[in-house]
Amino acid sequence: FAAVMSLQAIPYLDELIKEYLLFRGFSHTLNTFNHEKKSDKLRGYQADRIIDQMFHSINGYDIISLMDLWQYLDVTFFSRLDQDFHPTVRKLELSLKRYYLVFCFSTGRVDKVREFFEMYTAQLTRDPEWRAWFPLPYLKQPQADVTFEVYFTKPWIETFTLSLHNFLHSIIKSAPKPRLLNFNIGMCV
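Here the structure is a predicted model, which is why all the values come from computation and not from measurement. Per chain, residue numbering runs from 1 following the sequence as it is written. Residues qualify for local features only when their pLDDT is at least 70, as the model is predicted, and side-chain atom pairs are given and counted only at 80 or more; totals for whole chains, interfaces and linings, by contrast, use all residues. The basis for every side-chain value is the complete set of non-hydrogen atoms in the structure, without hydrogens or water.

### Brief notes about the overall build of the protein
Here is the rule we go by: For the purposes of this entry, the term helix denotes a DSSP run of H or I that reaches at least four residues, the term strand denotes a run of E that reaches at least two, and both are numbered from the N terminus. Each residue's exposure class comes from its accessible area (1.4 Å probe, protein chains only) as a fraction of the maximum for that residue type: buried when under 20%, exposed when over 50%, partly exposed otherwise. Contacts between residues were defined by any pair of non-hydrogen atoms, one from each residue, lying within 4.5 Å.
Along its length, the protein carries nine helices and zero strands. Starting at the N terminus and ending at the C terminus, the protein contains elements arranged as α-α-α-α-α-α-α-α-α. For the protein, the proportion of its 189 residues judged to be buried stands at 38%. Partitioning the contacts of the protein with sequence separation of at least 6, the portion at a separation of at least 24 is 61%.

Here's what the structure looks like:
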């Protein structure tokens with residue numbers, strides 16, 4: 001309850017910080033705060049909004065912003081997890097990239113599939129999980145190929161999306177919060 005309450009308090013605390021900055025006359029800091037708030041990669045610590053941002057990047061065929069967001073989550077949350085979670089993070093990243101490729105192919109943007117492989121070939125060639133994926137841009141109907149067919153199915157897409165959502169939600173919920181949020185919990189109770 002306290003973790004959820006503290007996350008819900010973020011917009012309120014943002015307003016208190018803005019009020020304090022104005023009171024102190026820190027107008028440059030206030031402008032910087034407002035600017036950075038607009039580009040909040042953690043979307044107020046809401047897993048749903050982070051997932052929405054990921055799918056916005058996918059729908060816009062923007063692999064760079066998608067991987068930038070993933071890298072940010074990795075630095076902010078995933079790298080601080082116990083070693084036992086690292087295979088899960090790796091599997092989710094693998095599935096996220098595969099979902100991107102499937103989406104691109106399904107929407108007729110094979111050029112984006114090729115672009116992906118051009119950008120990440122050096123990284124992917126070292127990973128045996130990707131070996132079978134290199135022919136993807138040259139297949140006419142990968143959804144009919146035994147290697148790829150499962151990734152084009154609604155159950156795989158739904159399972160991946162739900163797993164990603166649940167994982168992010170759990171990680172964010174259990175992440176240590178700034179003391180300022182804990183202070184607010186004490187004031188609200």
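So much for the structure itself; the text now carries on.
### Concerning unusual backbone geometry
Its identity as a non-glycine residue notwithstanding, Tyr61 has a phi of 55 degrees, on the positive side. The residue Tyr61 is located in the loop between α4 (47–59) and α5 (63–76) in this model.

### Focus on the packing of α5 against helix α7 (residues 110–124)
Here is the rule we go by: Simply put, an axis is a line fit to the C-alpha atoms, just over the touching stretch for a helix, and the angle between two N-to-C directions goes from 0 to 180 degrees. Oblique is the label for every angle not falling under 35 degrees (roughly parallel), over 145 degrees (roughly antiparallel), or within 65 to 115 degrees (roughly perpendicular). Residue classes follow a fixed rule: Ala, Val, Leu, Ile, Met, Phe, Trp, Tyr, Cys and Pro count as nonpolar, while Asp, Glu, Lys and Arg count as charged, and any other residue, Gly among them, counts as polar.
Across the interface, α5 lies against α7 with an axial gap of 11 Å and an inter-helix angle of 50 degrees. If you check the angle between α5 and α7, you find them oblique. For the pair α5 and α7, contact is made by Ile63, Ile64 and Met67 and by Glu115, Phe116, Met119 and Tyr120, respectively. For the contact of α5 with α7, a count of residues per class yields six nonpolar, no polar and one charged.

### Observations regarding the pattern of salt bridges
The cut-off we apply is this: In what follows, salt bridge is the name for a side-chain nitrogen of Lys or Arg lying within 4 Å of a carboxyl oxygen of Asp or Glu.
Per the stated rule, a full pass over the model turns up six salt bridges. With a shortest N-O distance of 3.3 Å, Glu15 and Lys18 are connected by a salt bridge. Separated by three residues within a single helix, Glu15 and Lys18 lie in helix α2 (residues 10–24), roughly one turn from each other. For Asp127, the salt bridge is made with Arg90, and the minimal N-O distance between the two is 2.8 Å. In this pair, Asp127 sits in the loop between α7 and α8 (154–174) while Arg90 sits in helix α6 (residues 86–106), placing the two residues 37 residues apart along the sequence. We classify Asp127 as buried; its relative accessible area is 14%. Take Arg90: its relative accessible area is 39%, and that puts it in the partly exposed class.

### Looking at the packing of aromatic side chains
To keep it simple, the criterion reads: Whether two aromatic rings pair depends on their centres lying within 6.5 Å, for rings of Phe, Tyr and Trp, where Trp uses its six-membered ring; planes under 30 degrees apart make the pair stacked, over 60 edge-to-face, and the rest tilted. Counted as over-ring charges are cases with an Arg CZ or a Lys NZ within 6 Å of the ring centre that also lie within 35 degrees of the ring normal.
Using the criterion set out here, one finds 17 aromatic pairs in the structure. On the numbers, 5.8 Å between centres and 40 degrees between planes, the contact of Phe116 with Trp130 is tilted. On the criterion of sequence distance, the pair formed by Phe116 in helix α7 and Trp130 in the loop between α7 and α8 is long-range, its members being 14 residues apart. Sitting over the ring of Tyr120, Lys97 keeps its end group 5.5 Å from the ring centre. Taking NZ or CZ as reference, Arg98 lies 5.1 Å from the ring centre of Trp130, over its face.

### What about α7?
Here is the rule: What a helix should span is 1.5 Å times the count of its residues minus one.
Taking 1.5 Å as the rise per residue, α7 with 15 residues should run 21 Å; its terminal C-alpha atoms sit only 18 Å apart, a clear shortfall. Burial in α7 covers these residues: Lys112, Val113, Phe116, Phe117, Tyr120 and Leu124. Next to the buried residues of α7 lie α5 and α6.

### Considerations on the side chain of Lys112
Along the polypeptide, Lys112 turns up in helix α7. Lys112 has contacts with Tyr61, Tyr100 and Cys104, leaving out every residue within four places of it along the chain.

### Quick notes on the side chain of Arg98
Within the secondary structure, Arg98 is located in helix α6. If near-sequence neighbours (up to four positions away) are discounted, Arg98 is found in contact with Glu129, Trp130, Trp133, Tyr151 and Trp156.

### Section: α5
Taking 1.5 Å of rise per residue, the 14 residues of α5 would be expected to cover 20 Å, and the 20 Å separating its terminal C-alpha atoms lies within 8% of that figure. The set of residues buried in α5 consists of Ile63, Leu66, Met67, Leu69, Trp70, Leu73 and Thr76. Buried residues along α5 sit against α4, α6, α7 and α8.

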